[in-house]
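Working through the structure, step by step
Okay, here's what each chain looks like letter by letter:
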Amino acid sequence: MLPHGGMNPANVKSSLPYGMSVGPPRGLASSGQKLITEILHPLSATEEPLSPGPDVTINAEKEKQEPGLTNGTPVEISSPASASVLLNRLQLDEDPEADSQDPYGSTEPCDLFVTVDDPKKHVSTMETYITYRVSTKTTRVEFDLPEYCVRRRYQDFDWLKMKLEDSQPTHLIPPLPEKFVMKGVVDRFSEEFVETRMKALDKFLKRVADHPVLSFNPHLNAFLTAKDLNKRQGLALLTKVGESVKHVAGGYKLRARPAEFCAMGEYLDTFSQKLGTIDRIAQRILREQSEYLTELREYGAVYSSWAASEEQLQRPLEGVAGCVTTSCDALEDLSDNMSQDFLPVLREYVLYIESMKNVLRKRDQVQAEYEGRLEAAVLRKQEDRTPIPVEVEKCQDKVECFNADLKADWERWQRNKRQDFKQLLTDMADKNINYYEKCQTAWESLITVLQEKQTEDKMSETN
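For the structure given in this document, a descriptive report is provided here. Per chain, the residues get numbers from 1 upward, laid out in the order the sequence is written. In keeping with the model being predicted, local features are shown solely for residues with a pLDDT of at least 70 and side-chain atom pairs are shown and tallied solely at 80 or more, while totals for entire chains, interfaces and linings include all residues. Hydrogens and water are ignored here; the side-chain numbers use all heavy atoms of the structure.

1. Some details on the overall build of the protein
Numbering of helices and strands runs from the N terminus; a helix is a DSSP stretch of H or I covering at least four residues, while a strand is a stretch of E covering at least two. Scanning the protein from N- to C-terminus turns up 13 helices and three strands. Only protein chains enter the accessibility calculation, which uses a 1.4 Å probe. A residue is then buried if its area is under 20% of the maximum for its type, exposed if over 50%, and partly exposed in between. The buried share of the protein, reckoned over its 463 residues, is 40%. In the protein, once contacts between residues fewer than 6 apart in sequence are set aside, the share between residues at least 24 apart is 73%. Note on areas: Shrake-Rupley with a 1.4 Å probe; residue coverage comes only from the protein chains shown. On the protein, roughly 26,300 Å² of surface is accessible, and the fraction owed to carbon and sulfur atoms is 53%. For this analysis, residues touch if any pair of their heavy atoms sits within 4.5 Å.

Laid out in structure tokens, this is it:
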């Protein structure tokens, strides 16, 4: 599998300045791809686009013709018998129309599989750190062997991310989990922290390996195959490829960002605010659940000690203590799910937003460079009628390539986001249902115990 319609990635890079990669034709605005304004916020209470246009109105009228989810997936009108049946009936597969418009041609079979697992702690006289096993299976000719297995630590993943940002400045690089943690608050060597970080690193590497451009980057090849990763030598040439993007424009101020990229920025700001609010509330819920769990365990212990001294009420009191214990265990599982599965996804997308904003800023710099050079060339042409320099045309090509790559990555990001949040919210609903079902079952069993006790008391009175 080769990116950009089967063209060799080396030929694509060599034909463009500064390492810009041409986006696929379907990523351009004229390809019939969904506009930025058509993409709905995953957590928005309304289904209105950011700025409605004629195409959006047509799509909205079509959606009114049949009931469906916010992503247009049809559902049955009749109410299911229970919440569990509802979850089973939800159609959470990707929208076929959206998949058919995937700018990267996701229908092609994947030929690069990566996995991050098996964390190990290493203790030396100088430092203590965690390494992770990175396993690779592939059929690509760029790899000498079909399988590789190496060990990497966090700073190696950070090195890979920086190399991808430098050598592929027009593309969205998936985020890494935060490196620094507050000492005394989170133990970075605890089993829970290491497990959460391992999952985040695995997701980062899978996203890179699934990308049709980033997956062919030679830095990724070295990361997956080299036994001893030399981060100072080797692929230094590509590191300089994106340096010009960082220092362009020469102080020229961008006239106006195109409307579709303005819509991207507004969407990211709104999305960031919503995720920030949800994260703060979720953190508060976790603290309150932790306090409630402590009180609940003490509450159950009182009934256990009471049962030991009250023979006539021993069975009912022990039943209450057992119900409280079951409720405590169920609540603990619910809290663990929120802290280990729900919150990490929110944080990942907060970091994703920052990465996308960074790419937008780079795009603005390239556009500012083009506008500055073009304005200077027009002035010179008016004075001495000199032709437009070739450098201006190259800058225009850079802007077009950047726009194409950014649009394609934006579509890919939206598709991944829809899938991630559908799975996240479904899992959250399932965990809450399990929690309440466990509590209900426990307390219903207590009713049976109390009824039996009441029957025994009546029989003893009669006798």
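Right, picking up where we left off after that structure.
2. Overview of the pattern of salt bridges
Pairing is possible between side chains that carry opposite charge, provided their charged atoms lie close to one another. The term salt bridge refers to a side-chain nitrogen of Lys or Arg lying within 4 Å of a carboxyl oxygen of Asp or Glu. One pass over the full model with this rule turns up 19 salt bridges. A salt bridge links R207 to D420; the nearest nitrogen and oxygen atoms lie 2.7 Å apart. With R207 in helix 7 (residues 191-210) and D420 in helix 13 (residues 390-462), the pair connects residues that are 213 residues apart, well separated along the chain. The shortest N-O distance in the salt bridge between R373 and E369 comes to 3.4 Å. Here R373 and its partner E369 are both found in helix 12 (residues 314-384), four residues apart, which amounts to about one turn of the helix. Of the residues examined, R373 reaches a relative accessible area of 37% and is grouped as partly exposed.

3. Topic: the nonpolar core
We define a nonpolar core as any set of buried Ala, Val, Leu, Ile, Met, Phe, Trp, Tyr and Cys residues linked to one another through side-chain atoms lying within 4.5 Å. Formed by 32 residues in total, the largest nonpolar core has its most connected members in L268, F271, Y349 and W413. For this core, the secondary structure elements donating two or more residues are helix 11 (259-309), helix 12 and helix 13. The biggest single contributor to this core is helix 12, with 14 residues. Not counting the four nearest positions on each side in its chain, W413 is found in contact with L172, Y267, L268, F271, Y349, Y352 and M356.

4. Some thoughts on empty space enclosed by the protein
Any residue with an atom within 4 Å of a point lines the site, the site being either a cavity, points on a 1 Å grid over the protein atoms alone where a 1.4 Å probe fits but cannot get out, or a pocket, an open set with protein on both sides within 12 Å along at least 5 of 7 lines. Grid points are joined across faces, edges and corners, and a volume is the space filled by probe spheres set on the points. Applying the stated rule across the entire model yields three cavities of 30 Å³ or more. In this structure, the second largest cavity occupies an estimated 70 Å³ of space. The leading source of residues in the lining of the second largest cavity is helix 12, at four residues. Side-chain classes follow a simple rule in which Ala, Val, Leu, Ile, Met, Phe, Trp, Tyr, Cys and Pro form the nonpolar group, Asp, Glu, Lys and Arg form the charged group, and the remainder, Gly included, forms the polar group. Considered class by class, the residues forming the lining of the second largest cavity number four nonpolar, four polar and two charged.

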